[in-house]
Amino acid sequence: MALSASTKTPQVRASIIFGSAGATPSNAPKRILLIGSKIGSDITTTINTSGSTTATVTTTAGLAALDVATRATSPDHAAVLAGRGSELHLAAVATFAQYRTAEVWLAPVTPGGGAAAGSATITPTISGLGAGTLRITIMGESVDIGISASDTVSTIGLKITQAINNQPNWPVTATNTWATGAVVVTAKWLGPRSNAPTVRAALLTSVATIEVTNGTAQTAFGLTITLTGGTADGGVYRLSGGATDDNVTNLLTALTPTKFDRIAFAGYRVSGSASANLARITSQLVTLSDNAMFDQQVVFGSIESPGNNITVAQGNNSERGQWVGHPGSDDLPLVIAAQVATARLFGDSVAGGSIEGEAVNPACNLNDLELATLRAPRDSADLYDGTETEAALNAGVTPLKASPARLGRMALVSSITMRSLAGGLPDFAVDKTKEVTVADWVRAAVVASLQATYRGFNLVNDSADGTPVLVPKTVSPSAIEERIYGLLKDYEKRGYLTEVDAHRDEISVTRNGSNARRVDYTFPTVAPSDYDIADGTIYQRQASA
Amino acid sequence: MATNDGLYASKGYVEKDGVKVLTSQKLSMKQDTNSDDVDTILDEAGGFAQGTVKYMVEVESPVPADGFEIDWFEVCRAGKIHQLRFVILNPNGGIATSKLLRGVFRNPSAGLGANSAATASVAFHGREVR
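As the structure is a prediction and not an experimental result, all values here were calculated from the model.

Trainee: Report on the domain arrangement of chain A, specifying residues and quantitative values.
Mentor: Looking at the assigned domains, one finds that chain A contains domain 1 (31–109 + 248–374), domain 2 (119–238) and domain 3 (454–522). Of note, the centres of domain 1 of chain A and domain 3 of chain A, computed from C-alpha atoms alone, are 41 Å apart.

Quick look at the structure:
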């Protein structure tokens, strides 16, 4: 956004024009903001321990205030602030797992009016019951329950309920109906994002593991398990019925004075369309970049299908947003976003990788970035295949892939922005997230340097004969231009920029025609290209006779 | 190639991190190529080994009555990387030549003597920014 010529406040500033031929832009991004849901009030879960007796389990509400950001210093602190097993708590766990000393802030959003939590029902039925093991898996984590021939549907339902409620870090609570043994699993927070947790069961015998992963009932050792009330999604079964989206507007307003280097939020749809919160966040980041020079980027984690991911990413098309697709995932969208955002900043050394992260090197290549705890989908058919990966990378979606080094874990294919269109046509002028990160870093560095270097200086015109102005505490446009060139060459030496000399003529500093106390400057930033592809041709030959 | 009409450059300055040092009374810049002769014993072949090209700049300034123009002692103690531009001015206007260097300041000194201004000097060792 151009500064008005009538502006009088002394300042040094710069705007970024992405994807242009000429434009401008931090140093060590460190703060991670997680926006999501907390446990709003204590959840008292009733467990029917017989036909006439009950017990209760209380899940304590999070203490953090709504619609503001509060710093969490550890996973347990996050549990206190957001409630154990809440969306925000689980995302904080993923963040600290990627980088233990990350500066993490939690921002719980006020739930929508009349919001409901997602749920699903696990129903046991028996016929000729024998001994076996029932495995209940929530969000990829399992507990095994011993079943004996003397059990009834009531006692099995009770066992399932107790097993689930004994897992305080799980995102759900469970209640049972004594007569039928049916167990209702309910998310700990409200709204459409509460539909994301997965639930499944497995019947374990000495010779087989029979999974119950959708609405089709499965039977073994006389026990039948049926899942109802949820939604089959690829290879997983998710909760359903979570409704009424929240609105991040008030939160964003409250956060306006504060810069967060990376913001993580769930990428989700409501009634078939992108949540309005997505555009609210990306718009806010663009506005704050223009108005306050905040070098912020948002990462959306998504469990949507590859096709839906493309539709939503292209619909948003923001260079300050990253849409990470992980269909069929057991991990929550916010967990995906949080771990990718953290890994981008601080690298993957925790997972044995060698990528240093953007905090150390804004131009680092994030291909194959290892994600510490994100799980591979239960069904490998949900993984991005080659065609889907190519389509995603052409449409502003960052796909995940199975880690080549760690079985069952995930890695980033390539870190790209959501911007893939210009005027409705494909445009990759701001393809990789590093284009944004480098521009941001350089802007902050140049602005900081100019502020420090010419503090208290007077501004005069360049002399007509090209002789530098040789007066104490006085600077002219050409001297500032030389300084900017020197700084850019310094950044090139560090590996953050390239082609500085090739674009030397685009560095321009001129005195403003209307305001004699102001210089207007422009310069380009060209981030070094990632080494993505090696395409060789190998000639097979026969041995000479 | 500049034409020689009998007029020679005699003025210049150094610029530290974008700010000109205006009160120098002596400036010198020296390039050390660090290349080495390679002389083999039997065939007496004279060769050369390339070295790292470095620049040394020395700056000496009188000390104004109100104190240093730049306190080189503080600059050197901080030990940071700096940019230094060595500029020779064209007497007809403009810059005759300049060289942008990146390196460190070291060996600051200050001196006093009878019948002379107090002086402060510093050396800069760096490589060309290119």
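So, next bit.
Trainee: Account for the sheet that holds strand E9 (residues 116–128) of chain B, with residues named and values stated.
Mentor: All names here are of chain B. Strand order in the open sheet formed by 7 strands is E2-E1-E7-E8-E9-E6-E3, and the pairing between neighbours is antiparallel. With one partner strand each, in any of the chains shown, strand E2 (19–21) and strand E3 (26–32) form the two edges of the open sheet. Strand after strand, the sheet turns through a mean of 35 degrees between neighbouring axes, direction not considered. As judged from the 3 bridges shared by strand E1 (residues 12–16) and E2, these two strands associate in the antiparallel manner.

Trainee: How would you explain the environment of A:Leu3 if you had to name every residue and give the values?
Mentor: With respect to the secondary-structure elements, A:Leu3 resides in the segment before strand E1 (31–36). A sequence separation of 12 residues divides A:Leu3 from A:Ser15, and the C-alpha atoms of the two residues are 9.0 Å apart.

Trainee: I'd like to hear about the nonpolar core, residue by residue, with values.
Mentor: Residues A:Leu34, A:Leu106, A:Ala264 and A:Ala337 are the most contacted members of the largest nonpolar core, which totals 144 residues. Among the elements that take part in this core, helix H7 (residues 333–346) of chain A stands out by supplying 10 residues, more than any other.

Trainee: I'd like a rundown of unusual backbone geometry, residues and numbers included.
Mentor: Outside of glycine, negative phi angles account for most residues, and trans bonds account for most peptide bonds. Residue A:Phe221 is not a glycine yet carries a positive backbone phi of 40 degrees. For A:Phe221, the location among the structural elements is in the loop between strand E13 (218–220) and strand E14 (223–228). At B:Asp17, a residue that is not glycine, the phi angle is positive and equals roughly 50 degrees. With respect to the helices, strands and loops of the structure, B:Asp17 is situated in the loop between E1 and E2.

Trainee: Please give an account of the sheet that holds strand E21 (residues 321–325) of chain A that cites residues and values.
Mentor: To summarise the sheet geometry, strands pair through backbone hydrogen bonds and adopt either a parallel or an antiparallel arrangement. Residue and element names in this part refer to chain A. Taken together, the 9 strands give an open sheet; going across it, the order is E4-E5-E1-E17-E20-E21-E23-E24-E22, and neighbouring strands pair in mixed fashion. In this open sheet, the two edge strands, each paired with only one partner strand, are strand E4 (70–72) and strand E22 (370–375). With direction set aside, neighbouring strand axes in the sheet form an average angle of 30 degrees. When E1 meets strand E17 (residues 262–267), the two strands line up parallel, connected through 3 bridges. Looking across to E17, one finds that Leu33 is bridged to Ile263. Relative to E1, helix H2 (residues 87–98) is tilted by about 155 degrees, and along the sheet it contacts E1, E4, strand E5 (103–108), E17 and E22.

Conventions adopted
Note that residues are indexed from 1 along each chain, following the sequence as it is written. Each chain takes a letter, starting from A, and each ligand takes a number, starting from 1, following the order in which they are written. Restriction of local features to residues with pLDDT of at least 70 applies here, the model being predicted, together with a cutoff of 80 or more for giving and counting side-chain atom pairs; totals for whole chains, interfaces and linings are based on all residues. An automatic or database domain assignment is the source of the domain bounds shown. Note on pairing: two strands pair once DSSP finds at least 2 bridges between them. By definition, any uninterrupted DSSP run of H or I lasting at least four residues is a helix, any uninterrupted run of E lasting at least two residues is a strand, and each is numbered from the N terminus. Helix axes are fitted to C-alpha atoms over the stretch in contact, other axes to C-alpha atoms as well, and angles between N-to-C directions run from 0 to 180 degrees. A set of buried Ala, Val, Leu, Ile, Met, Phe, Trp, Tyr and Cys residues, joined to one another through C-beta atoms within 7 Å, is what we call a nonpolar core. With C-beta atoms placed from the backbone, a residue is labelled by how many other C-beta atoms lie within 10 Å of its own: buried for 20 or more, exposed for 12 or fewer, partly exposed between the two. Whether two residues are in contact depends on their C-beta atoms, placed from the backbone: they are in contact if these lie within 7 Å.

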